[in-house]
Amino acid sequence: MKRFGLDIWGDDNFVIKKDTVNIKFGNEPSILEITNHIREKGYKGPMLLRFPHLIKKQIDTLFCTFKTAKKEFNYQGNFHAVFPLKVNQFPNFATELINVSDKHNYGLEAGSKAELIIAMSYTPLGAPITVNGFKDKEMISLCFIAAKMGHNITITIEGIGELETIIEVNSEMNAKSKKPIVPKIGVRIRLHSSGIGIWAKSGGYSSKFGLTSTELLEAYEMLKEYNLLDSLWMIHFHIGSQMGDIAPLKKALREAGNIYAELKKRGVDSLRAINIGGGLAVEYSQQLQNQERNYSLKEFANDVIYLMQDIAKSKNVPEPDIFTESGRYIAASHSVLVAPVLELFSQEYHEKSLRLKEQNPPLIEELFDLYNSLGRTNAREYLHDALDHMESLLTLFDLGYIDLEDRSNSEILANLIIKRVISLLKDEDTNELKRLQDRIQERYLVNFSVFQSLPDWWGLGQHFPIMPLTKLDIKPTNPASIWDITCDSDGEIGFKPKAPFYLHDIDIEQEEYFLGFFLTGAYQEVLGMKHNLFTHPTEAVVKFDESGEFYIENLIEAQNLMDVLDDLDYDTNIIDKSLKKKLEESKYIGSDEKQDLLGKLYLYLSENSYLKTIQAIETGK
Ligand SMILES: *Cc1c(COP(=O)(O)O)cnc(C)c1O
């Protein structure tokens, strides 16, 4: 697996050149080159690289694919899209998203007051804003304020209570207006069809959101009674994130399409749009057999357009405008987390670490002989013998018959035998081989936090593509598991025999080795948690100038230690004073040393929590 599944998940965004993985854009710099460029300025630890050209690519592809589908079917409704802010609200992402999408009239979706404020500030007037999720009177008032600013804003009603509040706010906020201005109104419908997979709780009868048919009829009557029916223009549903299979979407589209047609027939003339929510899946898999998505964007767009047209025709109503709110599809590919490997944890299993004695216990002598006479034909048999001996030796140790050196020798010999057997049998794709690899996996300690940077791995078992940035001309042979630097045993991406993952054998004291974690741009950042107080990593926006050269913008360093504590509402003055006082009053050191240590202490306080790489320590960088 020299390509690390790049052809499955890479979407042509990266290219392997000689031994590195490079950006397939501009002058095609390697990710390593970009990383080193930033590290040379003194930034160490993990680094999140953002590529706005990949945000643009996703948005352009989305609009272009729907445009083509509309043309193919001669569809009369318009296509619109908004980005759901909950997927990534970070300014270095959101402001680039607005910049790169200006020609599409792309808008934002907000699910909370803070997100609504972002949407109201950054969405260009005229581009759509949709507001979903639970709302109180204040949030609904904010929507009215947005409408009065001139925003093209739609409030989605998630329940009858919200409609009552809209009616109340409308009478208050438009009481003195010459011309009442009301946001557009959408209704979220509770479908009986639901998504599948780990995120499928957003649709279906038991979903948190949406109106039942009975409530929909009630809402219709209330809107009519309070003269707001003219504002009702959108039907909304969202069946869940990362839809691997397209079948549930088709069911949902039929259901929503028929509800739209029923309301049209009831005389809701202003109703013009169906909002199909998000859910477009991203292919995260590095192995063909584990692929997560069974459709293409083209198929998705064609299905949406075809089904809506079909229903509109058969019910004799106009073809609705289509809205999408796909977020994962837009954001996932734009960022790459680069993290240095700090250490390999099974270096001790080298022949040179053996401490054989003049007289060794007989089982160890046997292990040693097995190791020296291993060959292609006896590999399996000798392996089984070795594992057997190993068990016996460990029992002997527990009973006090052999000492720590003997135990160490048996561990080393057994592991060396397993390693050699694996390489002798490497062409056999047997389960036994995978189990062995599981047993001798190499543990790579990586300078990052799974909890901060890949929370969905920790919480949901979501896989993210991982590959080294260098050595891609050499086949990696170490079955690898990845450990983060938190003190939590959950901070590990273990070797899985069903999705085997290999890395290179490297001597970290001689060379740097970086891993790239890909497709981390959706959800991971804001869901990330500060377990052990590891914070959002240093981030940078990578752009390309006209000649194709890359340059770095908006570099934001990971929070320093004092800021982290300040965020937790510690009084950092107290911390500062306490540390200073303890050093100054220490009985153990002289005044020169005190000055020196104070200087060091303040330097450390101004840095972030992540580790400096071993090499950086050695060279004093
Ligand atoms: C979360 C959410 C989305 C985005 O879903 P993706 O799977 O990221 O595309 C869209 N609409 C609503 C209402 C949501 O809650």
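Conventions adopted
Residues numbered from 1 in each chain as written. Predicted model: local features only at pLDDT ≥ 70, side-chain atom pairs only at ≥ 80, totals over all residues. Heavy atoms only, no water. 1 Å grid on protein atoms, 1.4 Å probe; cavity = no way out; pocket = protein on both sides within 12 Å on 5 of 7 lines; lining within 4 Å. Points joined across faces, edges and corners; volume = space filled by probe spheres on them. Helix = DSSP H or I, 4+ residues; strand = E, 2+ residues; numbered from the N terminus. Nonpolar A, V, L, I, M, F, W, Y, C, P; charged D, E, K, R; others polar. Domains from an automatic or database assignment. Pairing = 2+ DSSP bridges. Right-handed = clockwise from strand over helix to strand, strands pointing away. Axes fitted to C-alpha atoms, helices over the stretch in contact; angles between N-to-C directions. Parallel < 35°, antiparallel > 145°, perpendicular 65-115°, else oblique. Left-handed = near helix turned anticlockwise from the far one by under 90°. Contact = heavy atoms within 4.5 Å. Phe/Tyr/Trp six-rings, centres within 6.5 Å; stacked < 30°, edge-to-face > 60°. Buried < 20%, exposed > 50% of the residue type's maximum accessible area, 1.4 Å probe, protein only. Lys NZ or Arg CZ within 6 Å of the ring centre and 35° of its normal. Near = heavy atom within 4 Å. Polar contact = N/O pair within 3.5 Å; in protein donor to acceptor, adjacent residues only side chain to side chain. Areas by Shrake-Rupley, 256 points an atom, 1.4 Å probe, with all protein chains shown as cover. Patch = residues over 30% accessible without salt bridge, like charges linked within 9 Å, V, L, I, M, F, W, Y side chains within 5 Å. Salt bridge = Lys/Arg side-chain N within 4 Å of Asp/Glu carboxyl O. Lys, Arg positive; Asp, Glu negative; His and termini not counted. Charge placed at Lys NZ, Arg CZ, Asp CG, Glu CD.

Engineer: For this particular structure, what's the right way to read the layout of surface pockets?
Structural biologist: One way to see where empty space is left: roll a probe the size of a water molecule over the atoms. If you add up the space inside the second largest pocket, you get close to 610 Å³. For the lining of the second largest pocket, the secondary structure elements donating two or more residues are helix H14 (404–424), helix H15 (431–439) and strand E15 (478–483). Its residues assigned to classes, the lining of the second largest pocket shows 10 nonpolar, 4 polar and 9 charged. Composition of the lining of the second largest pocket by domain shows at least three residues from each of domain 1 (6–50 + 336–346 + 439–556) and domain 2 (358–431).

Engineer: Looking at this model, I keep getting lost on the pairing of strand E5 (residues 107–110). Mind explaining?
Structural biologist: The two faces of a sheet get side chains in turn, since along a regular strand they alternate between them. Summarising the sheet, strand E4 (residues 79–84) and E5 pair through 3 bridges and their orientation is parallel. Pairing of Phe83 across the sheet is with Leu108, part of E5. Traced from E4 through helix H4 (residues 91–100) to E5, the parallel crossover comes out right-handed. Looking at chain direction, E5 and strand E6 (residues 128–131) are connected through 3 bridges and run parallel. Counted as the bridge partner of Leu108 is Ile129 from E6.

Engineer: What is the right way to read the packing of helix H3 (residues 52–73) against H4 from this model?
Structural biologist: Relative placement of two packed helices is described by the angle separating their axes and the distance separating the axes. With their axes 9 Å apart at the nearest point, H3 and H4 run at an angle of 50 degrees to one another. By the criterion of interaxial angle, the relationship of H3 to H4 is oblique. The two elements H3 and H4 meet at a crossing, and its hand is right-handed. Where H3 abuts H4, its residues Pro52, Ile55, Lys56 and Ile59 lie against Phe93, Glu96, Leu97 and Val100. Residue classes in the contact of H3 with H4 are distributed as 6 nonpolar, no polar and 2 charged.

Engineer: What is the right way to look at the packing of helix H9 (residues 247–265) against helix H10 (residues 297–315) in this model?
Structural biologist: H10 packs onto H9 with a crossing angle of 35 degrees between their chain directions and a minimal axis gap of 9 Å. Our pair here, H9 against H10, has a crossing hand that is right-handed. Of the residues in H10, those touching H9 at Leu249, Lys250, Leu253, Arg254, Gly257, Asn258, Ala261, Glu262 and Lys265 are Phe300, Asp303, Val304, Leu307, Met308, Ile311 and Lys315. Residues of the contact of H9 with H10, tallied by class, amount to 8 nonpolar, 2 polar and 6 charged.

Engineer: What am I meant to see in the sheet that holds E5 here?
Structural biologist: Strand pairing in a sheet takes place through backbone hydrogen bonds and is either antiparallel or parallel in direction. Spatially, E4-E5-E6-E7-E8-E9-E10-E11 is the arrangement adopted by the 8 strands of the closed barrel, whose pairing is parallel. Looking at each pair of strands side by side, their axes are set apart by 25 degrees on average, direction ignored. Direction of pairing for strand E10 (residues 273–275) relative to strand E11 (residues 321–324): parallel, over a ladder of 3 bridges. Pairing of Ile274 across the sheet is with Ile322, part of E11.

Engineer: It is not clear to me how the domain arrangement of the chain should be interpreted in this structure. Could you clarify?
Structural biologist: It is common to give the size of an interface as the accessible area that goes away when the parts come together. Taken as a whole, the chain is organised into domain 1 (6–50 + 336–346 + 439–556), domain 2 (358–431) and domain 3 (561–605). Of note, the centres of domain 2 and domain 3, computed from C-alpha atoms alone, are 52 Å apart.

Engineer: Is there a simple way to think about the packing of aromatic side chains in this case?
Structural biologist: Any two aromatic rings considered together are summarised by their centre-to-centre distance and by the angle between their planes. Enumeration according to the criterion identifies 20 aromatic pairs in this entry. Look at Trp233 and Phe323: their rings are 5.6 Å apart centre to centre, the planes differ by 90 degrees, and that puts the pair in the edge-to-face class. Highlighted residues: Trp233 in strand E9 (residues 232–236) and Phe323 in strand E11, separated in sequence by 90 residues. Both residues of the pair, Trp233 and Phe323, count as buried. For Lys184, the ring lying beneath its charged end belongs to Trp233, and the centroid distance is 4.0 Å. Positioned over the ring face of Phe397 is Arg407, at 4.9 Å from the centre of the ring.

Engineer: Looking at this model, I keep getting lost on the site of the ligand. Mind explaining?
Structural biologist: Taken together, 16 residues sit near the ligand, with Lys86, Ser241, Glu325, Gly327 and Tyr523 positioned nearest. Between the ligand and the protein, one listed contact pairs a nitrogen atom with a side-chain N or O atom of Glu325 at 2.8 Å. Arg328 places a main-chain nitrogen or oxygen 2.9 Å from an oxygen atom of the ligand. Compared with its free state, where it exposes 380 Å², the ligand has 93% of that area covered by protein. Taken together, the residues of the shell around the ligand sort by class into 3 nonpolar, 9 polar and 4 charged.

Engineer: Just to check I follow, could you spell out a negative patch on the surface for this structure?
Structural biologist: On the surface, a cluster of negative charge is made up of Glu365, Glu366, Asp369, Glu381, Asp385, Asp388 and Glu391. Those elements giving two or more residues to the negative patch turn out to be helix H12 (362–372) and helix H13 (379–398). In terms of residue count, the dominant contributor to the negative patch is H13 (4 residues). Summarising the element assignment, Glu366 is placed in helix H12. The class for Glu366 is partly exposed, based on a relative accessible area of 40%.

Engineer: Even after reading the chapter, I still don't get a nonpolar patch on the surface, so can you show me in this structure?
Structural biologist: A surface patch of nonpolar side chains, amounting to about 290 Å² of accessible area, comprises Leu125, Ile145 and Met149. Within the secondary structure, Leu125 is located in the loop between helix H5 (113–122) and E6.

Engineer: Any chance you could explain empty space enclosed by the protein here in plain terms?
Structural biologist: One pass over the full model with this rule turns up 4 cavities of 30 Å³ or more. In this structure, the largest cavity spans a volume of roughly 110 Å³. Residue lining of the largest cavity: 13 residues in total, with His463, Ile493, Gly494, Ala499 and Phe501 positioned closest to the centre. If one sorts the elements of the lining of the largest cavity by residue count, E15 sits on top with 3 residues. In the lining of the largest cavity, the residues fall into 8 nonpolar, 4 polar and 1 charged.

Engineer: It is not clear to me how the pairing of strand E18 (residues 514–517) should be interpreted in this structure. Could you clarify?
Structural biologist: Side chains Phe514 and Gly516 of E18 all project onto a buried face; the interleaved residues Leu515 and Phe517 project onto the opposite face, where all are buried too. When strand E12 (residues 335–344) meets E18, the two strands line up antiparallel, connected through 4 bridges. Each bridged residue has a counterpart across the sheet, and for Val338 the counterpart in E18 is Gly516. Relative to E18, strand E14 (residues 466–468) runs antiparallel, the two sharing 3 bridges. Note on E18: the bridge partner recorded for Met467 is Gly516.

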